Amino acid sequence: MQTNQILLLAAMAASTVPGAFAAAEPAGGAAAGSGEPPSAWVDPDTGHRIVRLTREPGSDSFYFNVNGYSPDGEEMAYTTPEGISVLNLATLQARPLVAAPARAIVVGRRTPTLYYTKTTSDPQVSALWAADLGSGEARKLADLPRRASVVTINADETLGAGTFIEGDAQAGGAYDGTQAAGRMSKTNLGEPVNKSEMMERRLAARLPMTMFTIDLRTGAVKDLLQHSTDWLNHLQFSPTDPTLLLYCHEGLWWLVNRIWTIRTDGTQNRLVHRRTMDLEIAGHEWWGSDGKTVFYQLHFRATGPSYVASYNVETGQRVWYYYTADQSSIHDNSSPDGKLFCGDGDRHSPWIFLFRPVLTPDRNTLGKDLIQGGHLESEKLVNMAKHNYRLEPNPSFTPDQKFIVFRSNMFGPDYAFAVEVAKAASP
């Protein structure tokens, strides 16, 4: 992707929006806003240029730890009320790819393929599909087990992985598949207002679950964990190791040891971070691009400190980067080269952040199995004061690391945006 092309196109689009580059402000809050939002502007509080990537009200970039970019970095898949579309990041031209109803899984790491699921004539059974980003040609890969979802595809695109709740077990609609999830209107209103209550009820129900892999060539299903009464969720294959799967024991974070890895043959089922303090929480985990480093947020709610933590699954090395309350985010993410982080802020610190990690110098005191410390130096990129944080912005770096993509309802409906990491040369 050529950054200059994006900025040139953005400037051309912005020329039709009076004052868009002259420190244009969002037109309204999450429930407000009227007319077409600007195509581009420079945030007057940060000096960074922002480009609106999508044109459809109710359009969203993917979840923060889900790859939406083609292997060559030139295109990005995103969702709309009408289905799933593809955006050319050099021309900012979009085209529809899959019609709704469809649930996006991920864009392949090896091939320009969107993986997704669609419901069948049986509402309890979904089918796994794949569509070529270029030609749009779609093919059905397999029918899934009853009540199953596939949520991740491995690095060489030979396996998918997912879970299902066994039998007819349910938790009264609390994340048990018996009630429709996702959009609550044509635009995405974000998380349910009673999310915490629903999560607590779902965990307490102890519904029996199976975690499985599915062969994308044959449709063969292999069980990894069976009859688990823990809530298994957020499966993520390593982006480089096709046999390594990250998953979580879901629930309110202070009630679970959340982050685990397992091999696709069912071996090496390992806990990444064990809680040691009351109200200690760890979560919102993601893979670094090396496919060996698991990053996650770590908070000690009883004493206050918070960290972006990491664990290398091969060496066992742990690094904790400290950050302050005014640097907090719902989600953090790492750059493809692993040298930068970004964050999407929260109600108390409403900004899109760029973070530069600084390691504490090693004075030969680390020793065996000790944690290396550091801190994050932050730069504010986007003022999100008019964003309703029920909708999580979900930041991710573009493959060339020159932009951070996020979604926002700062103009009313949700759209996907990109903010340039470098400051704008001129307003």
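Our structure's up above, just so we're on the same page.
The shown structure was predicted, so the numbers you read here are calculated from the model rather than taken from an experiment.

1. So, the sheet that holds strand β25 (residues 372-383)
At step 1: Across the sheet, which stays open at both edges, the eight strands sit in the order β18-β19-β20-β21-β25-β24-β23-β22 with mixed pairing between neighbours. Strand pairing shows two members of the sheet lacking a second neighbour, β18 (280-287) and β22 (332-334), which therefore form its edges. Sheet twist, expressed as the average angle between the axes of neighbouring strands with direction ignored, equals 30°.
At step 2: Alignment of strand β20 (residues 306-312) against strand β21 (residues 318-323), held across six bridges, turns out to be antiparallel. Residue pairing in the sheet places S306 in a bridge with Y323 of β21.

2. Thoughts on the nonpolar core
At step 1: Ranked by internal contacts, the top residues of the largest apolar core, which has 24 residues, are M211, L225, L232, L235, L245, Y247 and I262.
At step 2: Contributing elements (two or more residues each) for this core: β11 (159-165), α2 (195-205), β12 (209-215), β13 (221-228), β14 (232-237), β15 (244-249) and β16 (259-263).
At step 3: In terms of nonpolar packing, the next biggest core, distinct from the first, is built from 20 residues, W41, I50, I404 and V421 among them.

3. Examining α2
At step 1: Among the residues of α2, those classed as buried are M198, M199, R202 and L203. Across the axial projection of α2, the buried residues extend over an arc of 130°, all falling on one side.
At step 2: Its buried side turned inward, α2 meets β11 and β12.
At step 3: Among the residues trailing α2, R206 stands out with phi positive, at a value near 50°.

4. As for unusual backbone geometry
At step 1: Omega for the bond connecting A100 with P101 falls within 30 degrees of zero, at 0°, which places this linkage in the cis form.
At step 2: For P101, the location among the structural elements is in the loop between β5 (94-99) and β6 (103-107).
At step 3: Even without a glycine there, the phi angle at H234 is positive, about 50°.
At step 4: Along the chain, H234 turns up in strand β14.

5. Brief notes about the pairing of strand β27 (residues 403-408)
The side chains of a regular strand alternate between the sheet's two faces.
At step 1: β27 sits mainly inside the fold: six of its six residues count as buried.
At step 2: Both faces of β27 are covered, namely the face carrying F403, V405 and R407 and the face carrying I404, F406 and S408.
At step 3: Two elements, strand β26 (residues 396-397) and β27, share two bridges in a ladder whose sense is antiparallel. Bridge pairing in β27 places F397 opposite I404.
At step 4: The turn joining β26 and β27, which pair antiparallel and follow one another in sequence, is formed by five residues; a positive phi near 70° is taken by Q401.
At step 5: Sheet analysis places β27 next to strand β28 (residues 415-420), joined by six bridges and oriented antiparallel. The partner of F403 across the bridge, within β28, is E420.

6. Some words on the sheet that holds strand β7 (residues 113-119)
At step 1: Strand order across the open sheet formed by four strands is β6-β7-β8-β9, with antiparallel pairing between neighbours. Single-partner strands in this sheet number two, and they are β6 and β9 (138-143). Averaged over all adjacent pairs, the angle separating strand axes in this sheet is 25°, with direction ignored.
At step 2: Here four bridges tie β6 to β7, and the two strands are oriented antiparallel to one another. Considered in β7, the bridge of V107 is made with L114.

About the cut-offs
- Residues numbered from 1 in each chain as written.
- Predicted model: local features only at pLDDT ≥ 70, side-chain atom pairs only at ≥ 80, totals over all residues.
- Heavy atoms only, no water.
- Pairing = 2+ DSSP bridges.
- Helix = DSSP H or I, 4+ residues; strand = E, 2+ residues; numbered from the N terminus.
- Axes fitted to C-alpha atoms, helices over the stretch in contact; angles between N-to-C directions.
- Core = buried A, V, L, I, M, F, W, Y, C linked by side-chain atoms within 4.5 Å.
- Buried < 20%, exposed > 50% of the residue type's maximum accessible area, 1.4 Å probe, protein only.
- Arc of directions from axis to C-beta.
- Contact = heavy atoms within 4.5 Å.

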